[in-house]
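Architecture at a glance
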Number of protein chains: 2
Amino acid sequence: MANIRDIARLAGVSVTTVSRVINNQPYVSAEKVSAVKEAMKKYNYHRNINAVHLSRGKTHLIGVVIPFSNHPYFGLLIEGIANAALDHNYKVVLIQTNYEKAKEMEALKMLEDKQIDALIICSRISSWDVIESYLAHGPIILCEDSRNEKISSTFIDHYKAFTLALDYLYEKGHRQIGYSIGRQTGTNSTQRERAYKDFLSKHSLPFEINHIFTDRFHVEDGVDVVESLLKMQHRPTALLVTSDQVAAGIVTSIRERGLSVPKDLAIMSFDNQPISKVMHITTLEIPLVVTGKKLFQQALTVKKLHMKKSTSV
Amino acid sequence: MANIRDIARLAGVSVTTVSRVINNQPYVSAEKVSAVKEAMKKYNYHRNINAVHLSRGKTHLIGVVIPFSNHPYFGLLIEGIANAALDHNYKVVLIQTNYEKAKEMEALKMLEDKQIDALIICSRISSWDVIESYLAHGPIILCEDSRNEKISSTFIDHYKAFTLALDYLYEKGHRQIGYSIGRQTGTNSTQRERAYKDFLSKHSLPFEINHIFTDRFHVEDGVDVVESLLKMQHRPTALLVTSDQVAAGIVTSIRERGLSVPKDLAIMSFDNQPISKVMHITTLEIPLVVTGKKLFQQALTVKKLHMKKSTSV
DNA sequence: TCTTGCTTTGAAACGCGTTTCATATCATAC
DNA sequence: GTATGATATGAAACGCGTTTCAAAGCAAGA
């Protein structure tokens, strides 16, 4: 395999000149350009990208941490990130954690090792402190409200979204509203809980712990929720569901049992994925693809400016 | 930032020795090991991974080409690949093509540039020839039947799966069976078409072009299918659907119109994703996660053996 | 005592493109 | 005619870890 020095020799120029030709830089005469290009073609030259990375000190790779790939929520986020990345000539390195801390640490280590230029964490497990300590090695962008922290983020204002949804249901006459979320802990869940409790106290409504369902991610989890509901003495009349998938499961399961939505149970879902349209589930749009795109753009910007930045969607 | 030479100097040893310590190689005395480790800690040494890549000539990165991320089919495939990769200390570089040839070419270029050690193409656009020409630069694994080609693959035997499903429906008494697929072209679709035509001629059944639906990928496409069906004079009595998502859309839409599955239209779907269980859709399991894992393992094996290999799932 | 074969250790070469800096040339400006 | 600034070009330094090869030390076996 020919390297840049071989090409330089064969074209009768210096390596600097070859480098200039490769990178389309000015200050090379037309003859030399063609001489170099010819030599490159003749010897089927391909620059060693790892040498470029070493020399330049960056890789044009961007790490993306997600818990799992088979979930539409993260699928859409990735969709946005990946498209934006490719448009800017960046590539995405996927780090799937299954919510294992060690895997997330590997991603942070990649940043430390300069294997990736920046890191986007779509769902975090490590503590703020840990992540903060890696900030020195490169930009880290989170997809959750980090306004109180030193880390940049593009996030969805789940407090607002939840409040909006709750108010909507309240206006429809619902006084016993429950909700179903994914992880119990985490910034997003905390904010939703806060919105929920604020809503309850605003309207002097009682808090019912068993109207809250946690760890519901997939369609089939919706079936479980319905089963639990049916066993209850005092059922909620409406449910906020933080995933169209789970909502689809709930709605399917309910209808199957001869009950009706929203008469027997009103459902208000989030994300606005195709399935909710098909199943006529009321859903609040969360612009995930756009968020993905912003996350990426922020990774670029933060890198250049070395400053913290947070955007709410 | 301290580099390996700094550490060598500070620990009073040679760079070779430091390298040995870093890589846990034998033939270093206990004292020197600790001296080096101390120096590394003291100066917060981190090896430059790009120098490692350059030196070793590989990156422990594996490229994965998919058309889009927001589809459960590819989500599951990625899930399998990503998990297997992480277990083997490889990282996944995601190349999302949106079925644009140029994007797929970028992936092939990455292989040529040695930016990735191997490439898995989950859904191909380029011709066999093009892909074959990149085979010299590293292992390429496809997820489609490549038994007639020079390229390795782990693939699902869609001919068999389709035949199985058709026979099942035939036994149930169906004589007018249609199908819905994703892309019209491609090995997988061709094989299904072959299975379908073979089935028809085996039972001397007529071919009805409008009983075939193409370019159906997502839930909402199922609704379209139902609309088309309802406009038909001679409707099929059963439909093979190559995606649980689309099947879910079809079933939902049909039930909504007061018709019943399977009485008015029998549905046989593929993949066996949670949604089909929730909606009680008959589905033929396609082990996508396992396929993903095999694809990865094959990428490793082929690399070592430099030989073609194909596995059917 | 001598040979054989590990165990240790390090100098130097290797992988390879980018970038800085100095030098040289040529043309336009005053 | 000289100064000024752009254009053109290359030598050498830089980024940095791995690996080969030679050499030295030491112990067990003959």
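Since the structure is predicted, the reported quantities are computational estimates derived from the model, not experimental observations. (Residues numbered from 1 in each chain as written. Chains lettered and ligands numbered in written order. Predicted model: local features only at pLDDT ≥ 70, side-chain atom pairs only at ≥ 80, totals over all residues. Heavy atoms only, no water.)

Concerning the protein's contact with DNA strand D
Thr16(A), Ile4(B), Arg5(B), Tyr45(B) and Ser55(B) are the nearest of the 27 residues found near DNA strand D. For DNA strand D, the fraction of protein-proximal atoms (within 4 Å) that sit in sugar or phosphate groups is 56%. One of the backbone N or O atoms of Ser14(A) is found 3.2 Å from a phosphate oxygen in DNA strand D. Interatomic distance of 3.2 Å between a side-chain N/O atom of Asn23(B) and a phosphate oxygen of DNA strand D. Looking at side-chain class alone, the surface near DNA strand D contains ten nonpolar, twelve polar and five charged residues. (Near = heavy atom within 4 Å. Polar contact = N/O pair within 3.5 Å; in protein donor to acceptor, adjacent residues only side chain to side chain. Nonpolar A, V, L, I, M, F, W, Y, C, P; charged D, E, K, R; others polar.)

Concerning the domain arrangement of chain A
In terms of domains, chain A is made up of domain 1 (4-47), domain 2 (59-156 + 289-312) and domain 3 (158-285). Computed from C-alpha atoms alone, the centre-to-centre distance between domain 1 of chain A and domain 2 of chain A is 38 Å. (Domains from an automatic or database assignment.)

Remarks on the pattern of salt bridges
Going through the model one piece at a time under the given rule, you end up with 18 salt bridges over all chains. The shortest N-O distance in the salt bridge between Arg9(A) and Asp6(A) comes to 2.8 Å. Here Asp6(A) and Arg9(A) lie together in helix 1 (residues 4-11), a separation of three residues that amounts to about one turn. Under the relative-accessibility criterion, Arg9(A) is labelled exposed at 58%. For Glu132(B), the salt bridge goes to Lys150(B), with nearest N and O atoms at 3.2 Å. Linking Glu132(B) in helix 7 (residues 128-133) with Lys150(B) in the loop between strand 4 (140-142) and strand 5 (152-155), this pair joins segments that are 18 residues apart in sequence. According to the relative accessible area criterion, Lys150(B) is exposed, its value standing at 58%. (Salt bridge = Lys/Arg side-chain N within 4 Å of Asp/Glu carboxyl O. Helix = DSSP H or I, 4+ residues; strand = E, 2+ residues; numbered from the N terminus. Buried < 20%, exposed > 50% of the residue type's maximum accessible area, 1.4 Å probe, protein only.)

Comments concerning the sheet that holds strand 9 (residues 266-271) of chain A
Residue and element names in this part refer to chain A. Strands sit in the order 7-6-8-9-10 across an open sheet of five strands; the sheet is parallel. Across the chains shown, the open sheet's two edge strands, defined by having one partner strand only, are strand 7 (212-213) and strand 10 (282-285). Where strand 6 (residues 177-180) meets strand 7, two bridges bridge the pair, whose relative direction is parallel. Across the sheet, the residue bridging to serine 180 is phenylalanine 213, located in strand 7. Each of strand 6, strand 8 (238-241), strand 9 and strand 10 touches helix 8 (residues 158-171); the most contacted strand, strand 9, lies at about 160 degrees to it. Where helix 11 (residues 244-256) meets the sheet, it contacts strand 6, strand 8, strand 9 and strand 10, and its direction lies at approximately 155 degrees from that of strand 9. (Pairing = 2+ DSSP bridges. Contact = heavy atoms within 4.5 Å. Axes fitted to C-alpha atoms, helices over the stretch in contact; angles between N-to-C directions.)

What to know about the packing of helix 1 (residues 4-11) of chain B against helix 2 (residues 15-22) of chain B
Residue and element names in this part refer to chain B. Relative orientation of the contacting elements helix 1 and helix 2 amounts to 105 degrees, with a least axis distance of 8 Å. Classed by the angle they form, the pair helix 1 and helix 2 counts as roughly perpendicular. Between helix 1 and helix 2, the contacting residues are Ile4, Arg5, Ile7 and Ala8 on the first element and Val15, Val18, Ser19 and Ile22 on the second. Residues that form the contact of helix 1 with helix 2 fall into these classes: six nonpolar, one polar and one charged. (Parallel < 35°, antiparallel > 145°, perpendicular 65-115°, else oblique.)

Overview of the relation of the copies chain B and chain A
Aligned on chain A, chain B shows an RMSD of 0.0 Å; the corresponding rotation is 180 degrees and the shift along the axis is 0.0 Å. Between the two chains, the operation in question is that of a two-fold axis. Residue Val93(B), judged by its C-alpha, is the member of chain B lying nearest the rotation axis, at 2.2 Å. In this assembly the copies share their binding face: 100% of the residues contributing to the interface of chain B also contribute to that of chain A. (Least-squares fit on C-alpha atoms with pLDDT ≥ 70 in both.)

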